[in-house]
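This is what each chain is made of:
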Amino acid sequence: MRTKLINSSEQPSQGYGAGDGTTERYEYECPCGKGTIIEEHDNIPGFRDHDVYIVCEDCSEKYELNTSKGTRGWELIEK
């Protein structure tokens, strides 16, 4: 299951000598409504990192993130 996007931002980055890039951050509602699911992307040459994680104790105990379709294609599945 995917949840509702509640906030997003994109920031430019001067990079680290390999060229300019961006960092992206997306916040989604968690199923219980008490926390969030954070998706982050560093699109900087030489430092490409992508992560998604749950910021809610209740939902972390009940759900896990399936990233088999990639970080941007994450889905919550019941444990």
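Residues numbered from 1 in each chain as written. Predicted model: local features only at pLDDT ≥ 70, side-chain atom pairs only at ≥ 80, totals over all residues. Heavy atoms only, no water.

Draft legend 1. Just the pattern of salt bridges, in detail. Applying the stated criterion across every chain, the model contains five salt bridges. Here Arg-25 and Glu-27 are joined by a salt bridge, their closest N and O atoms 3.6 Å apart. According to the relative accessible area criterion, Arg-25 is partly exposed, its value standing at 31%. A salt bridge links Glu-40 to Arg-25, with the shortest nitrogen-to-oxygen separation between them at 2.8 Å. Of the two residues, Glu-40 sits in strand β3 (residues 36-43) while Arg-25 sits in strand β2 (residues 21-29), which places them 15 residues apart along the sequence. (Salt bridge = Lys/Arg side-chain N within 4 Å of Asp/Glu carboxyl O. Buried < 20%, exposed > 50% of the residue type's maximum accessible area, 1.4 Å probe, protein only. Helix = DSSP H or I, 4+ residues; strand = E, 2+ residues; numbered from the N terminus.)

Draft legend 2. Layout of the sheet that holds strand β4 (residues 49-55). With antiparallel pairing, four strands are arranged side by side in an open sheet as β1-β2-β3-β4. Strands with a single pairing partner mark the edges of an open sheet, and in this sheet they are β1 (5-13) and β4. Between one strand axis and the next, the sheet turns through 10° on average, direction left out of account. Both β2 and β3 contribute to a ladder of eight bridges, which runs antiparallel. In the strand pairing of β3, Tyr-26 is matched with Glu-39. (Pairing = 2+ DSSP bridges. Axes fitted to C-alpha atoms, helices over the stretch in contact; angles between N-to-C directions.)

Draft legend 3. Focus on the packing of aromatic side chains. If you walk through the whole model with that rule in mind, you get one aromatic pair. Between Tyr-28 and Trp-74 the ring centres are 5.1 Å apart and the planes differ by 80°, which places this aromatic pair in the edge-to-face class. Here Tyr-28, found in strand β2, pairs with Trp-74, found in the loop between β5 (63-66) and β6 (75-78); they are 46 residues apart in sequence, far enough to count as distant. Trp-74 matches Tyr-28 in its accessibility class, with the two residues each being buried. Of note, Arg-2 hangs over the ring of Tyr-28, and the distance from its end group to the ring centre comes to 5.2 Å. Above the face of the Trp-74 ring, Arg-2 is positioned so that its terminal group lies 4.1 Å from the ring centre. (Phe/Tyr/Trp six-rings, centres within 6.5 Å; stacked < 30°, edge-to-face > 60°. Lys NZ or Arg CZ within 6 Å of the ring centre and 35° of its normal.)

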